[in-house]
Amino acid sequence: MRCSKGSSTTEVVTQAQANQNHCSFCFDVLIAHLTKVEPPAPDFEDGHQPLFVTWNKSSQWDQHPQLRGCIGTLEPRKLHSAIKDYALTSALRDSRFSPVQIKEVSQLSCSVSLLRCFEQGASWHDWEIGQHGLIIEFTDPVLSCKRTATFLPEVAGDQGWSKQQCIEALIRKAGECSIRQQVAYLISMS
């Protein structure tokens, strides 16, 4: 369901919940690409919604998997093509990491986040850890440019952050380190 708070209309669209079939398809697409074969067809309905694909890598020395790539879109897209595109983009073109190699695949885990119900927060703390993703947007007070960043719903809980720590990390992710309370936050939750 796509929701819009604070507008005179609410658009209702049936949307899928992410499931194991979405993640399996990401692995199929990545392995097919790395081995230069055609991937199988997806075995889930072709909905239309925003999404992110996240890859994590397990290590025998660390209990917690490490982020290996996470890229997506806040714009609704057809799921079959978008999951295929973002499975590869997040594994191979996340600028924070080198491209995934075939030898790493057995250590990877994948999650697909299908986003829905965006709504404007009333204040910077009007959200719940583990339930809401965050999109922050503000104007950099020094450069007068727009700054944005996104965290998926699981990020704050996975990192053990409080709401304030999460917002501060989101501001840093947007590229701004010198401001805290001066920012008038525009936060959308998903």
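Residues numbered from 1 in each chain as written. Predicted model: local features only at pLDDT ≥ 70, side-chain atom pairs only at ≥ 80, totals over all residues. Heavy atoms only, no water.

**A closer look at the overall build of the protein**
Step number 1: Scanning the protein for helices and strands turns up four helices and seven strands.
Step number 2: Ordering the α and β elements of the protein from the N terminus gives α-β-β-α-β-β-β-β-α-α-β.
Step number 3: Expressed as a percentage of its 190 residues, the buried residues of the protein come to 38%. (Helix = DSSP H or I, 4+ residues; strand = E, 2+ residues; numbered from the N terminus. Buried < 20%, exposed > 50% of the residue type's maximum accessible area, 1.4 Å probe, protein only.)

**Description of the packing of aromatic side chains**
Describing an aromatic ring pair means giving the distance of the ring centres and the angle of the ring planes.
Step number 1: Across all of its chains, the model carries three aromatic pairs by this definition.
Step number 2: With 5.5 Å between their ring centres and 40° between their planes, Phe151 and Trp161 make a pair best called tilted. With Phe151 in strand E6 (residues 146-151) and Trp161 in the loop between helix H3 (155-159) and helix H4 (163-173), this residue pair connects regions lying 10 residues apart in the sequence.
Step number 3: Using a relative accessible area of 10% as the deciding quantity, one classes Phe151 as buried.
Step number 4: Over the ring of Trp127 we find Lys163; its NZ or CZ atom is 5.8 Å from the centre of that ring. (Phe/Tyr/Trp six-rings, centres within 6.5 Å; stacked < 30°, edge-to-face > 60°. Lys NZ or Arg CZ within 6 Å of the ring centre and 35° of its normal.)

**Concerning the pairing of strand E1 (residues 48-57)**
Step number 1: With seven of 10 residues buried, E1 lies mostly within the body of the structure.
Step number 2: Pairing between E1 and strand E2 (residues 66-78): nine bridges, direction antiparallel. Each residue of the ladder has a partner; that of Phe52, found in E2, is Gly72.
Step number 3: Note: E1 against strand E3 (residues 108-114), seven bridges, orientation antiparallel. Directly across from Lys57, in E3, lies its bridge partner Leu108. (Pairing = 2+ DSSP bridges.)

**Points about the sheet that holds E1**
Step number 1: Taken together, the three strands give an open sheet; going across it, the order is E2-E1-E3, and neighbouring strands pair in antiparallel fashion. The two strands at the open ends of the sheet, each matched to only one other strand, are E2 and E3. For this sheet the average axis-to-axis angle between neighbouring strands, irrespective of direction, equals 15°.
Step number 2: Relative to E3, helix H1 (residues 20-35) is tilted by about 125°, and along the sheet it contacts E1 and E3.
Step number 3: Contacts from helix H2 (residues 79-92) reach E1, E2 and E3, with the element oriented near 150° to E2. (Axes fitted to C-alpha atoms, helices over the stretch in contact; angles between N-to-C directions. Contact = heavy atoms within 4.5 Å.)

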